[in-house]
Amino acid sequence: MIPAYLTSGCIENRDLCQCANCRDAVKQNEDTKRFYITMGHAGFNTKTNNADGYPSERSARLVMARYLAR
């Protein structure tokens, strides 16, 4: 089962969400307090996101923005 902190309600047809300010793009794991880019958003499959996540929402969003700018 996929953890809730990795899921997003903004995509329904599995397309990549291109909205840099998407409210569902980054969520916090309440247990670890780390932040993760959710499925369907740029940066979801980064090594850091797949491992321990990011220390802050800001750092996760900066990674997402870098991938969206490509």
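Here's what I pulled together on the structure shown here. (Residues numbered from 1 in each chain as written. Predicted model: local features only at pLDDT ≥ 70, side-chain atom pairs only at ≥ 80, totals over all residues. Heavy atoms only, no water.)

1. Quick look at the packing of aromatic side chains
Inference 1: For the structure on display, the rule yields one aromatic pair.
Inference 2: The interplanar angle of 45° and the centroid separation of 4.8 Å between the aromatic rings of Tyr-5 and Tyr-36 together place this pair among those described as tilted. Placement of Tyr-5 in the segment before strand S1 (26-28) and of Tyr-36 in strand S2 (residues 35-37) is noted, with a sequence separation of 31 residues between them.
Inference 3: Residue classification places Tyr-36 among the buried residues on the basis of a relative accessible area of 6%. (Phe/Tyr/Trp six-rings, centres within 6.5 Å; stacked < 30°, edge-to-face > 60°. Helix = DSSP H or I, 4+ residues; strand = E, 2+ residues; numbered from the N terminus. Buried < 20%, exposed > 50% of the residue type's maximum accessible area, 1.4 Å probe, protein only.)

2. Remarks on the nonpolar core
Inference 1: If you look at the biggest cluster of nonpolar residues, it comprises 14 residues, and the most contacted ones within it are Ala-25, Val-26, Ile-37, Tyr-54, Ala-60 and Met-64.
Inference 2: Only S2 and helix H2 (57-68) provide two or more residues apiece to this core.
Inference 3: Ile-37 has contacts with Leu-6, Ala-25, Val-26, Ala-42, Gly-43, Phe-44, Asn-49, Tyr-54, Ala-60, Val-63 and Met-64, leaving out every residue within four places of it along the chain. (Core = buried A, V, L, I, M, F, W, Y, C linked by side-chain atoms within 4.5 Å. Contact = heavy atoms within 4.5 Å.)

3. Describing the environment of Leu-68
Inference 1: For Leu-68, the position within the fold is in helix H2.
Inference 2: With relative accessibility at 21%, the residue Leu-68 sits in the partly exposed group.
Inference 3: Each C-alpha atom, one on Leu-68 and one on Leu-16, is 10.0 Å from the other, the two residues being 52 residues apart in sequence.

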